[in-house]
Amino acid sequence: MPSASRVQYELARIQTFFPALTALGNSLAAERPFDGLTVGLNMHLTTLTATLVRELVLGGGRFVVAAANPATTDGGVVEYLRDIGVEVHPGTGRSDAQTPVVAASPDLVGDVGFALGDAMIAAGIRPRHGLVEITGTGVARMRAQAAHGALDFPVLNINDGRLKKAIENRHGVGEGLWSAFTTLTGQHLAGRRVRVIGYGRVGAGVAGYAKSGGAVVEVVDRDPVRRLIARFDGHVPVAPDAATNPQVVVTASGARNALSLADIGRLPEDTVLINAGHNADEIDVTGLADEATEVDHIGPRVVRYRHPKGGHVVVLGGGSPLNIVMNAGSNEPVLLHFTLLALGMRWLLAEPRPNGEVRLPPSLEQDVARLWLPT
Ligand SMILES: NC(=O)c1ccc[n+]([C@@H]2O[C@H](COP(=O)([O-])OP(=O)(O)OC[C@H]3O[C@@H](n4cnc5c(N)ncnc54)[C@H](O)[C@@H]3O)[C@@H](O)[C@H]2O)c1
């Protein structure tokens, strides 16, 4: 199927099963809140993002979009967005995609990972109406800028609201990641030994869905409180340096090299490595690729490496967040927080907001919940 019609099918399906998106588009079309503005977006260019952007453009304005990560960019989506008049910059590396969006001096920004926020601050350009940040990683980066006194525009933090962590981080990633695992490996979870590194909402969802699929789950977290919570959730807490024999390891920590090259060298033969965190550096895939004595591409997005110490491991999705790379799992949690992003952008425009981190007003989440509840 040609990629453009594949995307059209996806959009038609999403429009049918998720009428909240259409309701959002209708209200934006009636209000035209973006008229006269340049809106910059930095997003994973998946078909889900295409459905969001299609509704956003009904609200007027010029849209300039960067790909958050080349590994999660769907070429058909780039084509589709250009067809509907959106400027899209897929880039070849992370910074390449954001540079032209910064050059467009957006008045309002929607960001994942605060990549556009950081790039705008570095260029001395400010989004005058502010920025909406979706991810935990982005919130951490935004706070680092605030600590240096560089945050002189409002940033609406939707990551720390009630909805995103409870639904998208936990249920969306948990479900999507394991469906991608099964698609790529053909393996069933039942009876498998799974290690999850990082027990925040994402890790808890990944662990919980693995357990419900029949896996035996051990949890590593540098915070003993999180390990204790993991035990009460029915998992086996283990210390970070404990020698166990997992068959699958998932990183969900937000930390660079949470699974280092040395850690990888201690894993059993053919352990499957998956990342669920925002960045592609939680597993040291770069170090592994540099040091490996053999590299075999054994399937789409499935690479088997021979570690310099002799054993093999298999990396899925190149160490980028697997559920996103595979656009996997049910769409609903992602689309739900996309509507929160859209309402957040409209809210920033309604009146001037204070500079710095802005907490999500409860009324916005209540509006989103009403949009998504059937009655
Ligand atoms: N894949 C996706 O679709 C998706 C969706 C939402 C969030 N994310 C990303 O997932 C990551 C986790 O998100 P969260 O909301 O659960 O974050 P969180 O901060 O609530 O939890 C992270 C946990 O990891 C632990 N940790 C940190 N460094 C560690 C290390 N080196 N070793 C062991 N444990 C460590 C922390 O103590 C914490 O308990 C972030 O990068 C976030 O941006 C991904």
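Computed from a predicted model, the values in this text were never measured in an experiment.

**Q** Please set out the domain arrangement of the chain residue by residue, giving values where relevant.
**A** Here the chain is described as being made up of domain 1 (3-160 + 331-372) and domain 2 (169-325). Placing the centre of domain 1 and that of domain 2 at their C-alpha centroids yields a distance of 29 Å. Domain 1 puts 13 residues into the contact, and the matching count from domain 2 is nine residues. Carbon and sulfur atoms make up 53% of the area that domain 1 and domain 2 hide from each other, which totals about 840 Å².

**Q** For the pairing of strand β6 (residues 154-157), give the residues involved together with the corresponding values.
**A** Residues Pro 154 and Leu 156 of β6 are buried on one face, and the alternating residues Val 155 and Asn 157, pointing to the opposite face, are buried as well. Of the pairings in the sheet, the one linking strand β5 (residues 130-133) to β6 comprises three bridges and is parallel in character. Residue pairing across strands places Leu 131 opposite Val 155, the latter belonging to β6. Read from β5 through helix α7 (residues 136-147) to β6, the crossover connection turns out right-handed.

**Q** Account for helix α4 (residues 75-83), with residues named and values stated.
**A** If you check which residues of α4 are buried, you get Gly 76, Val 77, Val 78, Tyr 80 and Leu 81. The N-cap of α4, judged by a side-chain oxygen 2.8 Å from the amide nitrogen of Gly 76 a few residues on, is Asp 74. Positive phi shows up at Gly 85, right after α4, with a value of about 90°.

**Q** Account for the nonpolar core, with residues named and values stated.
**A** Side chains of a nonpolar character, in soluble globular proteins, are inclined to be buried together. Judged by nonpolar contacts, the single largest core of 53 residues is most densely connected at Phe 34, Leu 41, Leu 81 and Leu 156. Those elements giving two or more residues to this core turn out to be α1 (3-17), α2 (19-31), β1 (38-43), α3 (47-56), β2 (62-67), α4, α14 (332-350) and α15 (362-372). Looking at which element gives the most residues to this core, the answer is α14, with 12 residues. The next biggest cluster of nonpolar side chains, apart from the first, holds 30 residues, and it includes Val 173, Trp 178, Leu 189 and Val 272.

**Q** For the sheet that holds strand β12 (residues 294-299), give the residues involved together with the corresponding values.
**A** Reading across the sheet, the eight strands line up as β9-β8-β7-β10-β11-β14-β13-β12 and stay open at both edges, with mixed pairing between neighbours. Edge positions in the sheet fall to β9 (236-238) and β12, since each has one partner strand and no second. Geometrically, the sheet is characterised by an average inter-axis angle of 25° between neighbouring strands, direction not taken into account. In this structure, strand β7 (residues 193-197) lies alongside strand β8 (residues 216-220), joined through five bridges in parallel fashion. Bridging from a neighbouring strand, Arg 193 pairs with Val 216 of β8.

**Q** Describe the site of the ligand, listing the residues and the values that go with them.
**A** In the vicinity of the ligand there are 25 residues, among which Thr 137, Asp 221, Arg 226, Ala 276 and Asn 323 approach most closely. At 3.1 Å from an oxygen atom of the ligand is found a side-chain nitrogen or oxygen belonging to Asn 169. In this structure, a nitrogen atom belonging to the ligand sits 2.7 Å away from a main-chain N or O atom of Ala 276. If the ligand stood free it would expose 870 Å²; the protein chains cover 85% of that surface. Within the residue set of the shell around the ligand, elements represented by two or more residues are α7, α8 (162-185), α9 (201-212) and α13 (322-325). With three residues, α8 is the single largest residue contributor to the shell around the ligand.

Procedures and definitions
Residues numbered from 1 in each chain as written. Predicted model: local features only at pLDDT ≥ 70, side-chain atom pairs only at ≥ 80, totals over all residues. Heavy atoms only, no water. Domains from an automatic or database assignment. Contact = heavy atoms within 4.5 Å. Buried area = accessible area lost by both parts, 1.4 Å probe. Buried < 20%, exposed > 50% of the residue type's maximum accessible area, 1.4 Å probe, protein only. Helix = DSSP H or I, 4+ residues; strand = E, 2+ residues; numbered from the N terminus. Pairing = 2+ DSSP bridges. Right-handed = clockwise from strand over helix to strand, strands pointing away. Polar contact = N/O pair within 3.5 Å; in protein donor to acceptor, adjacent residues only side chain to side chain. Core = buried A, V, L, I, M, F, W, Y, C linked by side-chain atoms within 4.5 Å. Axes fitted to C-alpha atoms, helices over the stretch in contact; angles between N-to-C directions. Near = heavy atom within 4 Å. Areas by Shrake-Rupley, 256 points an atom, 1.4 Å probe, with all protein chains shown as cover.

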